[in-house]
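The chain contents come next:
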Amino acid sequence: MNQSFYIGAVGAQQQLYHLNVHGDNIANVNTYGFKADRSYFTALMYQNHRGALDGQYTELPMGVGARMLMTGTDHGQAGPADTGRLLDYYIEGEGFFGLVDLATGDVTFTRNGAFMMSQLQRPTGEVDENGEPIMETIYALGDDTGRFVLSEEGGLIPITDPKEELPIGIFDFANYDGMARLDDTRFLPVDKNGNLWYGDGKLVQGCVERSNADLADELTKVIEAQRAYGAALKMVITSDEIESTINNLRN
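By convention here, each chain's residues receive numbers from 1 onward along its written sequence. Totals for whole chains, interfaces and linings use all residues, but because this is a predicted model, local features are given only for residues with pLDDT of at least 70 and pairs of side-chain atoms are given and counted only at 80 or more. For the side-chain quantities, the full set of heavy atoms in the structure was used; hydrogens and water were omitted.

Student: I tried to follow the pattern of salt bridges on my own but got confused; where do I start?
Tutor: Side-chain pairs of opposite charge can arise where the charged atoms are in close proximity. Any carboxyl oxygen of Asp or Glu within 4 Å of a side-chain nitrogen of Lys or Arg constitutes a salt bridge here. Under the definition given, this model contains eight salt bridges. Two residues, Arg-38 and Glu-218, come together in a salt bridge whose shortest N-O distance is 3.0 Å. Highlighted residues: Arg-38 in strand E1 (residues 37-43) and Glu-218 in helix H2 (residues 215-250), separated in sequence by 180 residues. Look at Glu-218 and you get buried, because its relative accessible area is 0%. Of the charged contacts, one joins Asp-183 and Arg-186 as a salt bridge, the two residues approaching to 3.0 Å between their closest N and O atoms. Secondary structure elements are taken from DSSP: a helix is a run of H or I of four residues or more, a strand is a run of E of two residues or more, and numbering for both begins at the N terminus. Think of it in three bands: residues with accessible area under 20% of the maximum for their type are buried, residues over 50% are exposed, and the middle band is partly exposed, with areas taken using a 1.4 Å probe on protein chains only.

Student: What is the right way to look at the nonpolar core in this model?
Tutor: Here is a general trend for soluble globular proteins: nonpolar side chains tend to be buried in one another's company. Counting 14 residues, the largest nonpolar core has Phe-115, Leu-141, Leu-166 and Ile-168 as its most contacted members. For this core, the elements supplying multiple residues, two or more each, are strand E6 (89-92) and strand E7 (97-100). The contact partners of Leu-141, leaving out residues within four places of it in the chain, are Leu-87, Phe-115, Met-116, Phe-148, Val-149, Ile-157, Ile-159, Leu-166 and Ile-168. We call a set of buried Ala, Val, Leu, Ile, Met, Phe, Trp, Tyr and Cys residues a nonpolar core when their side-chain atoms join them within 4.5 Å. With 13 residues, the next largest nonpolar core counts Leu-120, Ala-140, Leu-150 and Met-179 among its residues. Here a residue-residue contact requires only that any non-hydrogen atoms of the pair lie within 4.5 Å.

Given below as structure tokens:
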């Protein structure tokens, strides 16, 4: 009887996690370059297994029900949104834009090409009469988080004429499985993604990539998770009623 309590409780808890995943997808339906997450479930063990602890064999307790094993990111390409902004770019095909944080040197990757002109102070290589380095102000292509876009050679991209197509780098990996999501649109590669290489995607100016979260599909998944959550709670309630009836019969 206790198993039914645990199955219902675990099921309700995991469906809440499921709802959180799709709730986040729905919140980012209109976020440029957003890649939706998907939930993957697995059954828990249904029989005890032999284990080893301090040299003595012990019984590892079985699990009950199912749990959310992991979430994976759907890197499928979404269509372009025409913004008409000269500094917006869309990658037609595979690949990512590279972003560098000059304060830390960290490089991350994104499909969100909504860029802007960012101001940067850098030394000219000369010094003033006090021996202090002379700084100059330049404008380079960056995003709205203070990071700068990498060029094809891996450097910054100075902007002299926004109307010209800029030499923005497109970078790619052997596979995208397991890339760490840092925020809504930025990713950090891990070892299994393979080496970095130049992507073969094509730059399209004046457009950005839409979110690949489909609202109809996400709402369907939310309803599915809500129904599963309700069924799990009914199992807990029914188990409690049966347990109460049995206890009353004993009395």
